[in-house]
Amino acid sequence: MGRISVFSLFHLERYPTQIRIPERTTSTKFLFQTILNYLPPKLRVVIITGVAYTFKMSVCDDDWLDDIEDIVGEGDLTGLERSIARSNAVGKRVKKVPSCKDPAKANHIDHPSEKNGSIIPGTQKIWVKTWGCAHNSSDSEYMAGQLAAYGYLLTDAKYEADLWLLNSCTVKTPAEDHFKNEIDDGRARGTPVVVAGCVPQGQPKANYLQGLSIIGVQQIDRVVEVVEETLKGHSVRLLGTKKDAEKKKAGGASLLLPKIRKNPLIEIIPINTGCLNQCTYCKTKHARGELGSYPPEEIVARAIQSFQEGVCEIWLTSEDTGAYGRDIGTSLPELLRQLVRVIPDGCMLRLGMTNPPYILEHLEAIAEILNHPRVYAFLHLPVQSGSDAVLSDMKREYCVADFERVVNFLRDRVPGISIATDIICGFPTETEQDFDSTMELCSKYRFPSLFINQFFPRQGTPAYRMERVPTKQVKNRTKRLSELFKSYQPYDSQVGQRQSILVTDISHDKNYYVGHNKEYVQVLVPMDPDYMGKMVDVLIVSASKFSLMSEPLTSPKRPDVPEALEKGQISGLVTESHSSSNDSLSSHMISPLWPLLGLSVVVGLRLAWILYGRGRR
């Protein structure tokens, strides 16, 4: 028979019917929870830890859990409280080890497994792999942050990890194939695997996902639960949709959760999930669903918190930023106006992808905001095809003239704006004449960034059942469009200009630091550590297809934000100061008594349990 700790008992609202809870535990559960609610957080953890070793409850041997309800309720401990309390709990004296400069490992303690082979949650190594868009990257950052806050050690050493967390993308077939291969590799090695992202959310019954734990795209705040249960050998699937107070679809998990940013200087904020379209080729809709927007105040609060942690660049992301707010009575321009008011001097904001239909009515406002000195003059506006007939078959809900109106208006009102777009080559109903129209559109506007994709039939979409264009023709069209894109140099006109750039990254070849100018064009500068995270005035000395080479002209200027967090450091874990010196004094005085108080309560509860059990016999 399996076992479940008191910690789980008192933090689970409900367990599935597979787990039997003895009737006599209910009164003790109520008494225990009542006592805990009146105790300091650290003392609560001491008591729970003690009780977990003295009180156990039998469960059935079924390893499959369809769902586990919200663990942390009102008055319960947060991951931060548990993390803080662990460092103050009384335990075995361990040998001191040299200090570690890696923030991801600095607070990690190697806990030996119990002799009986029990799993100690929060002590294992986790490897996280992410495919796909900025929204997926943000989800992975949040999941990594929660795991690290609980005590798990994140590692880049794939084959040294105790569990793999794979966050998938369903846009293209190759991405899903790579995802499958990682699952097969993990299973072959006997490594527990937890899957997340759009693939399992959109097709949870896929054969290759059977027996795996799944975290739905709106359930990333429960990653610690899923990982813990998976390490115990259970299979957990959380695929539900979060609702707001009015029972409408919400944007998802809280934006104020702990996270570990891939780049400590850049904060990715999802402003909504899902979309209002029904594109015939898109499988992301199956996973992300209908539009669900976050409240503006929550987005602004996340931005403010990020700046307080040294972030100097904000990315807004979603499946369609232009549709933001239509479900909650607001709009993208209204959100952006609130955000620009809180962006510190020297920091920048980048707007994410938007489809043409939902930006048409906001062109004046969007142009005004893109001209703001702390907003990049950049927009990702996918057109997908230059043929109205193909756009209709795709159910894109706009025509080529609508797209051209947006591009023309913004280029006229926002000097130097960079507009990126996407093209799908070889959609099933695309003829040679249709593709010629796409070539004409791209030749006319000479987009500085052009994302060229071959059509991939995604199972479950209407386009999957359409008769396909022969592969040879699709490849030929892709080649023609690629050659057109390579034929022009979009940045030559900027050579000789003096520009201000914000440096936030390192080039792929590791030879330069990367900054971006107002139009969000990549600008390379020498690898001087003093430049990172700062504004620098540079002279553009040469241009390539995708970037500009520069020479610094002035000393770097720090944005009006504190020092950024170290790479791997957890965002959002800020220890609150006490409201008064009396509170601090009281806390200091009672700290040495916590272990004694905890032990007393544990012994008392154990005796009460024994006496209560004998009285019922």
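Residues numbered from 1 in each chain as written. Predicted model: local features only at pLDDT ≥ 70, side-chain atom pairs only at ≥ 80, totals over all residues. Heavy atoms only, no water.

Under an unreviewed UniProt entry, the protein chain has the name Threonylcarbamoyladenosine tRNA methylthiotransferase and belongs to Daphnia magna. Note on the protein chain: under the UniProt heading Catalytic activity (unreviewed entry), the record states "N(6)-L-threonylcarbamoyladenosine(37) in tRNA + (sulfur carrier)-SH + AH2 + 2 S-adenosyl-L-methionine = 2-methylsulfanyl-N(6)-L-threonylcarbamoyladenosine(37) in tRNA + (sulfur carrier)-H + 5'-deoxyadenosine + L-methionine + A + S-adenosyl-L-homocysteine + 2 H(+)". Word for word, the UniProt comment on the protein chain under Sequence similarities (unreviewed entry) is "Belongs to the methylthiotransferase family. CDKAL1 subfamily." (UniProt positions renumbered as here; feature names shortened; annotations may be inferred.)

S.K.: I'd like a description of the overall build of the protein chain, backed by residues and values.
M.R.: Helix and strand counts for the protein chain stand at 19 helices and 22 strands. Relative to its full complement of 617 residues, the protein chain shows a buried share of 51%. Counting only contacts in the protein chain whose residues sit at least 6 apart along the sequence, the fraction spanning at least 24 positions is 75%. Total accessible area on the protein chain stands at roughly 29600 Å², and carbon and sulfur atoms take up 52% of it. (Helix = DSSP H or I, 4+ residues; strand = E, 2+ residues; numbered from the N terminus. Buried < 20%, exposed > 50% of the residue type's maximum accessible area, 1.4 Å probe, protein only. Contact = heavy atoms within 4.5 Å. Areas by Shrake-Rupley, 256 points an atom, 1.4 Å probe, with all protein chains shown as cover.)

S.K.: Tell me about the packing of helix 16 (residues 432-445) against helix 17 (residues 471-486), and name the residues and values.
M.R.: Axis separation between helix 16 and helix 17 bottoms out at 10 Å; the angle between their running directions is 15°. By the angle between their axes, helix 16 is roughly parallel relative to helix 17. The crossing of helix 16 and helix 17 is right-handed. Together, E432, F435, D436, M439, C442 and S443 of helix 16 and Q473, R477, R480, L481 and L484 of helix 17 make up the contact between the two elements. (Axes fitted to C-alpha atoms, helices over the stretch in contact; angles between N-to-C directions. Parallel < 35°, antiparallel > 145°, perpendicular 65-115°, else oblique. Left-handed = near helix turned anticlockwise from the far one by under 90°.)

S.K.: An account of the pairing of strand 20 (residues 522-525) is needed here, citing residue identities and associated values.
M.R.: Pairing analysis gives four bridges linking strand 19 (residues 513-516) to strand 20, with the strands arranged antiparallel. Looking across to strand 20, one finds that G515 is bridged to V523. Count of turn residues in the strand 19/strand 20 antiparallel hairpin: five residues, of which Y520 carries a positive phi of about 60°. Where strand 20 meets strand 22 (residues 547-552), three bridges bridge the pair, whose relative direction is parallel. Bridging from a neighbouring strand, Q522 pairs with S547 of strand 22. (Pairing = 2+ DSSP bridges.)

S.K.: Which residues make up the pattern of salt bridges, and what values go with them?
M.R.: Throughout the structure, instances matching the rule amount to 29 salt bridges. In this structure, the salt-bridge partner of E182 is K158, at a minimum N-O distance of 2.7 Å. Placement of E182 in helix 7 (residues 173-189) and of K158 in the loop between strand 5 (153-154) and strand 6 (163-168) is noted, with a sequence separation of 24 residues between them. Note on K158: relative accessible area 17%, which makes it buried. (Salt bridge = Lys/Arg side-chain N within 4 Å of Asp/Glu carboxyl O.)

S.K.: Any details on helix 6 (residues 134-150)? Residues and values, ideally.
M.R.: Along an α-helix, residues three or four apart share an orientation, since each turn contains 3.6 residues. Between its first and last C-alpha atoms helix 6 spans 25 Å; for 17 residues at 1.5 Å apiece the expected length is 24 Å, and the two agree. Counting buried positions over the 17 residues of helix 6 gives 15, a clear majority of the element. Downstream of helix 6 by one or two residues, G151 has phi in the positive range, about 125°. (Expected span 1.5 Å × (residues − 1).)

S.K.: Lay out the nonpolar core with the relevant residues and their values.
M.R.: If you look at the biggest cluster of nonpolar residues, it comprises 104 residues, and the most contacted ones within it are L147, L165, I215, I299, L316, L410 and L481. With near-sequence residues (within four places) excluded, I299 lies in contact with L255, I269, I271, Y294, Y324, L335 and L339. In this structure, W164, L166, I183 and I214 belong to the second largest nonpolar core, which totals 17 residues. (Core = buried A, V, L, I, M, F, W, Y, C linked by side-chain atoms within 4.5 Å.)

S.K.: Could you give an account of the sheet that holds strand 14 (residues 348-350), naming the residues involved and the relevant values?
M.R.: Across the sheet, three strands lie side by side as 10-13-14; this open sheet has parallel pairing. In this open sheet, the two strands that pair with only one neighbour each are strand 10 (266-270) and strand 14. Between one strand axis and the next, the sheet turns by 20° as a mean value, whatever way the strands run. Sheet topology note: the strand 13 (residues 313-317)/strand 14 ladder contains three bridges and is parallel. By the bridge assignment, I314 is partnered in strand 14 with L349. Against the sheet, helix 6 touches strand 10 and strand 13, its axis set at about 105° to strand 10. Sheet strands touched by helix 11 (residues 296-308): strand 10 and strand 13. Its angle to strand 10, the strand with the most contacts, is close to 170°.

S.K.: Please set out the environment of D492 residue by residue, giving values where relevant.
M.R.: Along the chain, D492 turns up in the loop between helix 17 and strand 18 (498-506). When the C-alpha atoms of D492 and S542 are compared, they prove to be 7.6 Å apart, with 50 residues separating the residues in sequence.

S.K.: Now, about unusual backbone geometry: what can you tell me, with residues and values included?
M.R.: Here the phi dihedral of E397 falls at roughly 65°; this positive angle occurs in a residue that is not glycine. One can find E397 in the loop between helix 14 (388-394) and helix 15 (400-413). Exposure remark for E397: the relative accessible area of 48% places this residue in the partly exposed category. At Y520, a position not held by glycine, the phi torsion is positive, near 60°.

S.K.: Would you mind going over the sheet that holds strand 17 (residues 449-454) in detail, with residue names and values included?
M.R.: Strand order in the open sheet formed by three strands is 15-16-17, with parallel pairing between adjacent strands. Taken across any chain shown, the strands that pair with only one partner, and hence form the sheet edges, are strand 15 (378-380) and strand 17. Each neighbouring strand pair of the sheet contributes to a mean axis angle of 15°, computed without reference to strand direction. As paired strands, strand 16 (residues 418-425) and strand 17 are joined by six bridges and run parallel to one another. What sits directly across from A420, in strand 17, is S449. Set on the sheet, helix 17 makes contact with strand 16 and strand 17; between it and strand 17 the angle comes to about 170°.

S.K.: Describe helix 12 (residues 332-340), with residues and values.
M.R.: Residues of helix 12 that are buried include every one of L332, P333, L335, L336, L339 and V340, and no others. One face of helix 12 carries all of its buried residues, which in axial projection span an arc of 155°. Looking at the packing, one finds that the buried side of helix 12 touches helix 11, strand 13, strand 14 and helix 13 (363-370). (Arc of directions from axis to C-beta.)

S.K.: Before we move on, can you summarise the packing of aromatic side chains with the specific residues and values?
M.R.: By the definition in use, this model includes 13 aromatic pairs. Between F179 and Y208, the ring centres sit 6.3 Å apart and the planes meet at 75°, which makes this aromatic pair edge-to-face. In this pair, F179 is assigned in helix 7 and Y208 in the loop between helix 8 (198-202) and strand 8 (213-215), connecting sequence segments 29 residues apart. Take F179 and Y208: they sit in the same class, and that class is buried. Here Y376 and Y520 contribute two aromatic rings whose centre-to-centre distance is 4.8 Å and whose plane-to-plane angle is 70°, an arrangement assigned as edge-to-face. Of this pair, Y376 sits in the loop between helix 13 and strand 15 while Y520 sits in the loop between strand 19 and strand 20, and the two are 144 residues apart along the sequence. Each of the two residues, Y376 as well as Y520, counts as buried. Members of the aromatic cluster, connected to one another through ring pairs, are W127, Y159 and W164. Residue placement shows K129 over the ring face of W131; its charged tip is 5.5 Å from the ring centre. Directly above the aromatic system of Y464 lies the positively charged group of R468, at a separation of 5.5 Å from the ring centroid. (Phe/Tyr/Trp six-rings, centres within 6.5 Å; stacked < 30°, edge-to-face > 60°. Lys NZ or Arg CZ within 6 Å of the ring centre and 35° of its normal.)

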